Amino acid sequence: MTQNQPGSGPTALRILLGSQLRKLREAKNVTREEAGHLIRGSESKISRMELGRVGFKERDVADLLTLYGVVDQQARSAVLDLVATANEPGWWHRFNDVLPTWFQAYVGLEEAAVRIRTYEVQFVPGLLQTKEYARAVVTAGAAGIGAEEIARRVDLRLERQRMLDRPDGPVFWAVIDEAALRRPIGGAEVMRAQIEHLIDLMRQPNITIQVMPFSFGGHSAEGGAFSVLRFPDNDLPDVVYVEQLASALYLDKREDVDRYTEVMERLCAVSTTPDETIELLRTIAEEF
């Protein structure tokens, strides 16, 4: 499998390309409606393109560059070359049969991120799960789904984890509610192995794990789990991901990102230190 460099995955490239097109359009005071009309589309199509949420047709981008006054051949070629790369399918494309459409964007963003901060309430974060724990989680939420599809979903989760082992892998910082660590997903043996796996993972320099202990009581993130992703390019804003039962929210407005980032900072401040995390994990493992 060919690994993309951080920030170079197709999802991130689509966002970057969309951002460039938006800046060119705004510099020429062209409305989204006018741009959409030029490419035989609509204002909403231009909006989706500029947000990087759809693929790009080379013909459409070439027409937009002309409209925006980009006539230099070298400049045009640079953008059009980016179109081809951004349209390449990511490695997760082969899991499309078990990958919900609303989750595909997250896998792409996750692959492109240089830092991922996550808070989990109910489960150990997917990137930190053992195969047996992942199977238990997938099985519990997959009523009526066959063994083959369950296995495919587990394989997808394990494939996502590979990026943490790359030399250029992202920084992954997780705050896990103590309840998730004490909930016996898959039984005592599975949980004990999962807790021991977390202890092993903390030896990796790019992984930090903290626990929000029961003893703290109420806290600022009682609304539920979320993740904040950061990318290497200044044109790519931080994205907050909030998963729901059968959909997800992707928030990139500055005020939304700032609000969730502040909550994450508070969580980190009151959760266990790395040394305290290992001590607590060992205690929980022994109890299992």
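Rules behind the numbers
- Residues numbered from 1 in each chain as written.
- Predicted model: local features only at pLDDT ≥ 70, side-chain atom pairs only at ≥ 80, totals over all residues.
- Heavy atoms only, no water.
- Helix = DSSP H or I, 4+ residues; strand = E, 2+ residues; numbered from the N terminus.
- Expected span 1.5 Å × (residues − 1).
- Buried < 20%, exposed > 50% of the residue type's maximum accessible area, 1.4 Å probe, protein only.
- Contact = heavy atoms within 4.5 Å.
- Phe/Tyr/Trp six-rings, centres within 6.5 Å; stacked < 30°, edge-to-face > 60°.
- Lys NZ or Arg CZ within 6 Å of the ring centre and 35° of its normal.
- 1 Å grid on protein atoms, 1.4 Å probe; cavity = no way out; pocket = protein on both sides within 12 Å on 5 of 7 lines; lining within 4 Å.
- Points joined across faces, edges and corners; volume = space filled by probe spheres on them.
- Nonpolar A, V, L, I, M, F, W, Y, C, P; charged D, E, K, R; others polar.
- Pairing = 2+ DSSP bridges.
- Domains from an automatic or database assignment.
- Buried area = accessible area lost by both parts, 1.4 Å probe.
- Salt bridge = Lys/Arg side-chain N within 4 Å of Asp/Glu carboxyl O.
- Polar contact = N/O pair within 3.5 Å; in protein donor to acceptor, adjacent residues only side chain to side chain.
- UniProt positions renumbered as here; feature names shortened; annotations may be inferred.

Naming follows an unreviewed UniProt entry, where the protein appears as Transcriptional regulator with XRE-family HTH domain of Nonomuraea rubra.

Caption draft 1: Spotlight on helix 10 (residues 188-201). With 14 residues, helix 10 extends 20 Å from end C-alpha to end C-alpha; this agrees with the ideal 20 Å at 1.5 Å per step. Residues of helix 10 that are buried: Val190, Met191, Gln194, Ile195, Leu198, Ile199 and Leu201. Buried residues in helix 10 make contact with helix 7 (131-140), strand 2 (171-177), helix 9 (178-182), strand 3 (207-212) and helix 12 (274-287).

Caption draft 2: Broad picture of the packing of aromatic side chains. Following the criterion strictly, the structure yields nine aromatic pairs and no others. Aromatic side chains Trp91 and Phe95 sit 6.2 Å apart centroid to centroid with 85 degrees between the ring planes, which places their arrangement in the edge-to-face category. Of the two residues, Trp91 and Phe95, neither departs from the other in class, the shared state being buried. Among the aromatic side chains, those forming a connected cluster through ring pairs are Trp102, Phe103, Tyr106, Tyr241 and Tyr250. In this structure, Arg117 is placed above the aromatic ring of Trp173, and the distance from its NZ or CZ to the ring centre is 5.1 Å.

Caption draft 3: Inspection of the layout of surface pockets at higher detail. Here the largest pocket is characterised by a volume of approximately 1,400 Å³. In this structure, the largest pocket is lined by 46 residues; those nearest its centre are Trp102, Glu120, Phe123, Arg157 and Glu243. Estimates place the volume of the second largest pocket at around 670 Å³. Among the secondary structure elements, those contributing two or more residues to the lining of the second largest pocket are helix 1 (10-27), helix 3 (43-50), helix 6 (101-112) and strand 6 (248-251). In terms of residue count, helix 1 provides more of the lining of the second largest pocket than any other element does, seven residues in total. Here the residues of the lining of the second largest pocket are counted per class, giving 13 nonpolar, 10 polar and nine charged.

Caption draft 4: Region of the structure containing the pairing of strand 2. In terms of residue burial, strand 2 counts as a mostly covered element, since five of its seven residues are buried. Both strand 1 (residues 115-120) and strand 2 contribute to a ladder of six bridges, which runs parallel. Each residue of the ladder has a partner; that of Ile116, found in strand 2, is Phe172.

Caption draft 5: Examining the domain arrangement of the protein more closely. In terms of domains, the protein is made up of domain 1 (10-87) and domain 2 (93-287). If you average the C-alpha positions of domain 1 and of domain 2, the two centres end up 34 Å apart. Residue-level contacts link seven residues of domain 1 with eight residues of domain 2. On the domain 1 side of the contact with domain 2, Thr11, Ala12 and Leu16 bury the most area, a combined 54% of that side's loss. Where domain 1 meets domain 2, there are zero salt bridges. For the interface between domain 1 and domain 2, the tally reads zero residue pairs in polar contact (both at pLDDT 80 or more). Grouping the constituent residues of the side of domain 1 that touches domain 2 by class yields three nonpolar, two polar and two charged.

Caption draft 6: Geometry of empty space enclosed by the protein. Under the defined criterion, the tally for this structure stands at one cavity of 30 Å³ or more. Size it by volume and the largest cavity reaches roughly 40 Å³. Contributing to the lining of the largest cavity are Arg115, Arg117, Val228, Arg230, Asp238, Thr261 and Met264. In terms of residue class, the lining of the largest cavity is built from two nonpolar, one polar and four charged.

Caption draft 7: Region of interest: the side chain of Thr118. Relative to the helices and strands, Thr118 is located in strand 1. The class of Thr118 is buried, set by a relative accessible area of 5%. Apart from the residues lying within four places of it in its own chain, the contact partners of Thr118 are Pro125, Phe172, Trp173, Ala174, Val175, Phe226, Ser227 and Met264.

Caption draft 8: Quick look at the UniProt feature "domain: HTH cro/C1-type" (unreviewed entry) in the protein. The positions UniProt marks with the feature "domain: HTH cro/C1-type" (unreviewed entry) are residues 21-74. When the span residues 21-74 is considered, its composition is 63% helix and 0% strand, and the gap between its end C-alpha atoms is 16 Å.

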